[in-house]
Amino acid sequence: MKALILVGGFGTRLRPLTLSVPKPLVDFANKPMILHQIEALKAVGVDEVVLAINYQPEVMMNFLRDFEKSLGIKITCSQETEPMGTAGPLALAREKLDDGSGESFFVLNSDVISEYPLRQMIDFHKKHGGEATIMVTKVDEPSKYGVVVMDESNGCVQRFVEKPQQFVGNKINAGIYLLSPRTLDRIELRPTSIEKEVFPKIAAEKSLFAMVLPGFWMDIGQPRDYNTGLRLYLDSLRKKSPEKLAAGHTFLGNVIVDETAKIGDGCLIGPDVSIGQGCVIEAGVRLSRCTIMRGVRVKKHACITGSIIGWHCTIGQWARIENMTVLGEDVRVSDEIFSNGGVVLPHKEIKTSILKPEIVM
Amino acid sequence: MENTKDMPEAISSHKKTVAVIMMGGPTKGTRFRPLSFNLAKPLFPLAGQPMVHHPILACKKIPDLAQVYLIGFYEEKDFSLYISALSNELKVPVRYLREDKPHGSAGGLYNFQDLLMEDDPTDIIVLNCDVCCSFPLTDMLAAHRKHEGIGTLLVKKVSKEIASEFGELVADPKTGELLHYAEKPETFVSDFINCGVYIFTPEIFTAIKAVTYTKHETSSLRRMSSFEALHTATNSRAMQADFVRLDQDILTPLAGKKKLYTFETNDFWEQIKTPGMSLRCSSLYLAQYRLTMPELLATGDGKRSPTIIGDVFIHRSAKVHPTAKLGPNVSISANARIGPGARLIGCIILDDVEIKENAVVMHSIVGWKSSLGRWARVQGGGDYNAKLGITILGEDVAVEDEVVVVNCIVLPHKTLNISVQDEIIL
């Protein structure tokens, strides 16, 4: 079975993290974002994943080569020379997706984090026998998104309404599709939108069905949603594989800690924290609702909350970091510094406090 | 007063000069972002030529110049194209020497001593790449060869406020000897500053060696008092034995010992630390072309070629519509396209930029491959030193039709479809 992951472009909303690596390689819960998706695909029998990229494919491929071997799945890139929208990349990768066997293929949006109930999706798809299945997810504020209006009894999609002014439904496109190869015939090789141009045509033929995504869903393309996504993810991990979470009196709520990380005495960590490979958390540190990426050293008595600390940063003693501070790669925060929402580009030294949210270049 | 009454010394066959340009490297100079994301700062164009090109051209005026060395810790590949083109064009060997790690300005010289002394030079010109000035090297070299010290510094008199940002020095008004030197002093020392242009004799290496030796000794023997530890906490690199700075570690101790002399200039002088300053310095070099190489500047009257006001540089491959009006102080790089009715003032337009009809650019830098839509307006306030004093568009930024961008810094690959002011856009 094949799959396409829409990786797209520059990931500017996740800067400064994406100034160091392409967005799919930004770690989420101690694993590159795209690996969560590739592993979920592998688990349902996908043997080849195509990444639709238009930025830094060499960096991606170098990284993924290692995973090809360890996961036993083939990974290739389909490079867009101009942005192809959300459907164009499918036409570009056509030969790889349609191997003549008539088997349907997955299309995933790389910014999405969810439980990936792909097995259930395959069953639902076979059962309705239609051309395409999309996952939808229930949200509180549907008018921020594109709403999918469907027949609740069988999931048959009636129409799409972009940012509706009045309530028409509360299910939005979750960015996970299962398409039969004949959908490829509908897509021209040009920048095309799958929601605006392709799906409405399939819906008109009553051949598009929606499945409500069980479990959590988050678009983690920007730092604030990234943190919310971590909370949802760890929540789900607590239910499915609680042994993966850290346990002990040092930890509060859901916390995931890489086995190579070291944590000193007298720390209080959690809730909703991820600590990456090779991190050193010295004594007396308080961490809550934050992501600590690979190779970070947090010195004694520091306190970090509601923030993202990028790879190889150093946080000084008694530093206080809060309110959606995002530190790029290799940022060094001096002792006793306060950062209230600083967004700091890579390789900076922060020697004076950041009292209100600002970007430090 | 410049020593204009002294003619350059007759060149004796045993005099040889090498020039060394200190370039720095990528982890320093985050102040040059976002322009430094794509390009090593020394290659950023000022008045149509890379920043480092201007001091190199100045060195080329020295008749007995044997080689030009560029010392830095950027990757070699960042400069290989530029250097091979340059060696051909200038007919003088140019080499890039890469430091494995920063050694400080003097440490870098010492690190490559054997290479620099290869041609057995009598004089070594040392320049900082990010200095923008007229580089009066011929006159300075003549003055240097007259005294018996080991080095000559280019100095300039400035206002008190400006002086405190640099190295301040006191010179003997009769002999020009350097009597006292203080780097960025907190209290007033002098209104003469060190311009970052030096000429040394090979004895400088002995002086640097002595300092390195002392540092090795003291770093292993001395226990720091707690005050010292506090003071050097953020300067820990300077405590390393092989990190030797020219200003604090060499000039300060040697001042007043009849070893160092000064040479004064009254010409323009600036340091190019930020993109705002690069815009200012581009204008200074354009004004210098007006005096030394006016054929490089554009001319036009709005009939077959665009209307040109003041100093404007247009790369020969750029296309500018005749109804556009450019200047003063505009520099347009390769393959840029400026559409009908566009107005450009005080700006640097980098390679492959497209500016559509009736757009306006003032006091800004427009990055490589960016595009401005019709009636777009990209504007800065013109305060070169303020954090958001000019507008900088990084690589591949698209400003849509009729959008206004004022005093912003926009990182690469962004599209602006609504007007915006006083912001950094990541």
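Once a new chain begins, its residue numbering starts again from 1 and follows that chain's sequence as written. Both sets of labels track the order of writing: A upward for chains, 1 upward for ligands. Selection of residues for local features in this predicted model requires a pLDDT of at least 70, selection of side-chain atom pairs for listing and counting requires 80 or more, and totals for whole chains, interfaces and linings are taken over all residues. Values shown for side chains rest on all heavy atoms present in the structure; no hydrogens or waters enter the calculation.

### Re the UniProt feature "domain: Mannose-1-phosphate guanyltransferase C-terminal" (unreviewed entry) in chain A
Okay, so step 1: UniProt positions are given in the numbering used here, feature names are shortened, and annotations may be inferred rather than shown by experiment. Under the UniProt annotation, the feature "domain: Mannose-1-phosphate guanyltransferase C-terminal" (unreviewed entry) is placed at residues 252-360 of chain A.
Okay, so step 2: Here a strand is any run of E in DSSP of at least two residues, a helix any run of H or I of at least four, and the numbering for each starts at the N terminus. Helix makes up 0% of residues 252-360 of chain A and strand 41%, whereas the separation of the span's terminal C-alpha atoms amounts to 32 Å.

### Overview of the sheet that holds strand β19 (residues 286-288) of chain A
Residue and element names in this part refer to chain A.
Okay, so step 1: Ordered by their spatial adjacency, five strands build an open sheet running β16-β19-β22-β25-β28, and the pairing between neighbours is parallel. Two strands close off the open sheet at either side, each with one partner strand: β16 (268-269) and β28 (338-340).
Okay, so step 2: Both β16 and β19 contribute to a ladder of two bridges, which runs parallel. Of the residues in β19, the one forming a bridge with Ile-269 is Leu-287. Only strands joined by at least two bridges in the DSSP assignment are considered to pair.

### Side note on the environment of Val149(A)
Residue and element names in this part refer to chain A.
Okay, so step 1: Positionally, Val-149 belongs in strand β9 (residues 146-150).
Okay, so step 2: When accessible area is computed with a 1.4 Å probe and restricted to protein chains, residues below 20% of their type maximum are described as buried, those above 50% as exposed, and intermediate ones as partly exposed. Given a relative accessible area of 9%, Val-149 falls into the buried group.
Okay, so step 3: The spacing of Val-149 and Lys-239 is 90 residues in sequence and 31 Å in space, taken between C-alpha atoms.

### Observations regarding the UniProt feature "domain: Nucleotidyl transferase" (unreviewed entry) in chain A
Okay, so step 1: Mapped onto this numbering, the UniProt entry annotates "domain: Nucleotidyl transferase" (unreviewed entry) at residues 2-231 of chain A.
Okay, so step 2: Structurally, residues 2-231 of chain A is divided into 29% helix and 29% strand, and its ends, taken at the C-alpha atoms, are 30 Å apart.

### Describing unusual backbone geometry
Residue and element names in this part refer to chain A.
Okay, so step 1: Omega for the peptide link from Arg-15 to Pro-16 comes to 10°, which places this bond in the cis form.
Okay, so step 2: One can find Pro-16 in the loop between β1 (2-8) and β2 (27-28).
Okay, so step 3: With an omega dihedral of 5°, the bond running from Gly-270 to Pro-271 counts as a cis peptide bond.
Okay, so step 4: In this fold, Pro-271 is placed in the loop between β16 and β17 (273-275).
Okay, so step 5: One non-glycine residue with positive phi stands out, namely Asn-30, at about 65°.
Okay, so step 6: Locating Asn-30 in the fold gives a position in the loop between β2 and β3 (31-32).

### Section: the sheet that holds strand β26 (residues 398-399) of chain B
The pairing of strands in a sheet comes from backbone hydrogen bonds and takes either a parallel or an antiparallel form.
Residues and elements named next belong to chain B.
Okay, so step 1: Taken in spatial order, the six strands of this open sheet run β16-β19-β21-β23-β26-β29, and their pairing is parallel. Of all the strands in the sheet, the pair left with one neighbour each is β16 (319-320) and β29 (415-416).
Okay, so step 2: Here β26 runs beside β29; their pairing, made up of two bridges, is parallel. Opposite Ala-398, over in β29, you have Thr-415 as the bridge partner.

### Structural notes on the interface of chain A and chain B
How big an interface is tends to be reported as the loss of accessible area on association of its parts.
Okay, so step 1: If you look at the interface, chain A gives 15 residues, while chain B gives 14 residues.
Okay, so step 2: Reported buried area values correspond to the accessible surface (1.4 Å probe) lost by two parts on association, with both partners' losses combined. Together, the buried faces of chain A and chain B total about 1,300 Å²; carbon and sulfur atoms form 61% of this surface.
Okay, so step 3: Counting the surface chain A buries against chain B, the share from its top three residues, Arg15(A), Ile359(A) and Met361(A), is 46%.
Okay, so step 4: Salt bridges are defined as contacts in which a side-chain nitrogen from Lys or Arg sits within 4 Å of a carboxyl oxygen from Asp or Glu. Put simply, chain A and chain B have one salt bridge between them.
Okay, so step 5: Between Lys387(B) and Glu358(A) there is a salt bridge, and its shortest N-O distance comes to 3.3 Å.
Okay, so step 6: Two N or O atoms count as a polar contact when they lie within 3.5 Å, although within protein this holds only if one can serve as hydrogen donor and the other as acceptor, and sequence-adjacent residues are included solely when both atoms are side-chain atoms. Linking chain A with chain B are six residue pairs in polar contact (both at pLDDT 80 or more). Contacts are assigned to residue pairs with any non-hydrogen atoms lying within 4.5 Å of each other.

### Digging into the environment of Ala376(B)
Residue and element names in this part refer to chain B.
Okay, so step 1: Here Ala-376 lies in the loop between β23 (371-372) and β24 (377-379).
Okay, so step 2: Taking the C-alpha atoms as reference points, Ala-376 and Ala-342, 34 residues apart in sequence, are found 9.6 Å from one another.
Okay, so step 3: Residues contacting Ala-376, with those up to four places away along its chain left out, are Ala-359, Val-360, Val-399, Glu-400, Glu-402 and Val-403.

### A look at the side chain of Lys156(B)
All names here are of chain B.
Okay, so step 1: When you line up the elements, Lys-156 lands in strand β8 (residues 151-157).
Okay, so step 2: Here Lys-156 sits buried without a salt bridge, and the closest side chain of opposite charge, Asp-267, lies 7.3 Å off (N-O distance).
Okay, so step 3: Engagement of the side chain of Lys-156 in a polar contact is seen with the backbone oxygen of Asp-267, the distance being 2.6 Å. Counted as positive: Lys and Arg. Counted as negative: Asp and Glu. His and the chain ends are not counted at all.

### Remarks on the packing of helix α1 (residues 33-43) of chain A against helix α2 (residues 57-71) of chain A
Residues and elements named next belong to chain A.
Okay, so step 1: Lines fitted to C-alpha atoms define the axes here, with helix axes fitted over just the stretch in contact, and angles between the N-to-C directions of these axes take values from 0 to 180 degrees. Orientation of α1 relative to α2, taken along the N-to-C sense of each, is 35°, at an axis distance of 12 Å. For the element pair α1 and α2, the recorded crossing hand is right-handed. Contact residues: α1 offers Ile-34, Leu-35, Ile-38, Glu-39 and Lys-42, while α2 offers Met-60, Leu-64, Phe-67 and Leu-71.
Okay, so step 2: Polar here means any residue other than Ala, Val, Leu, Ile, Met, Phe, Trp, Tyr, Cys and Pro, which are nonpolar, and Asp, Glu, Lys and Arg, which are charged; Gly is therefore polar. Of the residues contributing to the contact of α1 with α2, the split by class is seven nonpolar, no polar and two charged. For any pair of crossing helices, the crossing counts as left-handed if the nearer helix is rotated counterclockwise from the farther one by less than a right angle, and right-handed if it is rotated clockwise.

### Quick notes on the pairing of strand β6 (residues 123-128) of chain B
Residue and element names in this part refer to chain B.
Okay, so step 1: Judged by how many residues are buried, β6 sits mostly within the fold: five of six residues are covered.
Okay, so step 2: The pairing of strand β1 (residues 17-24) with β6 spans six bridges and is parallel. By the bridge assignment, Thr-17 is partnered in β6 with Asp-123.
Okay, so step 3: Relative to strand β11 (residues 192-200), β6 runs antiparallel, the two being bridged by four bridges. The residue of β11 that forms the bridge with Ile-124 is Phe-200.

### Brief notes about the packing of aromatic side chains
Okay, so step 1: Classification of ring pairs uses Phe, Tyr and Trp, with its six-membered ring standing for Trp, and accepts pairs whose centres are within 6.5 Å; under 30 degrees between planes counts as stacked, over 60 as edge-to-face, and the remaining range as tilted. A full pass over the atoms with the stated rule returns 12 aromatic pairs over all chains.
Okay, so step 2: Here the aromatic rings of Tyr198(B) and Phe200(B) are separated by 5.6 Å at their centres, their planes lie at 15°, and the arrangement is stacked. Phe200(B) shares its class with Tyr198(B); the two are buried.
Okay, so step 3: Considering the side-chain rings of Phe268(B) and Tyr285(B), the 6.1 Å spacing of their centres and the 85° angle between planes classify their relative orientation as edge-to-face. Of the two residues, Phe268(B) sits in the loop between β12 (260-264) and β13 (269-271) while Tyr285(B) sits in helix α11 (residues 275-292), which places them 17 residues apart along the sequence.
Okay, so step 4: You can call Phe268(B) partly exposed: its relative accessible area is 22%.
Okay, so step 5: Grouping aromatic residues by their ring pairs yields a cluster made of Phe28(A), Phe216(A), Tyr226(A) and Tyr233(A).
Okay, so step 6: Taking NZ or CZ as reference, Lys160(B) lies 5.2 Å from the ring centre of Phe188(B), over its face. Throughout this description, the term charge over a ring refers to an Arg CZ or Lys NZ atom that lies within 6 Å of the ring centre and within 35 degrees of the ring normal.

### Re the pattern of salt bridges
Okay, so step 1: Applying the stated criterion across every chain yields a total of 31 salt bridges over all chains.
Okay, so step 2: The closest approach of N and O atoms between Asp27(A) and Arg294(A), which form a salt bridge, is 3.0 Å. With Asp27(A) in strand β2 and Arg294(A) in the loop between β20 (290-292) and β21 (297-298), this residue pair connects regions lying 267 residues apart in the sequence.
Okay, so step 3: In this structure, Asp401(B) and Arg374(B) form a salt bridge, with 3.8 Å as the shortest nitrogen-oxygen distance. Taken as a pair, Asp401(B) in the loop between β26 and β27 (404-406) and Arg374(B) in the loop between β23 and β24 lie far apart in primary sequence, 27 residues in all.
Okay, so step 4: One network of salt bridges, with partners in common, ties together Lys2(A), Asp47(A), Glu48(A) and Asp99(A).

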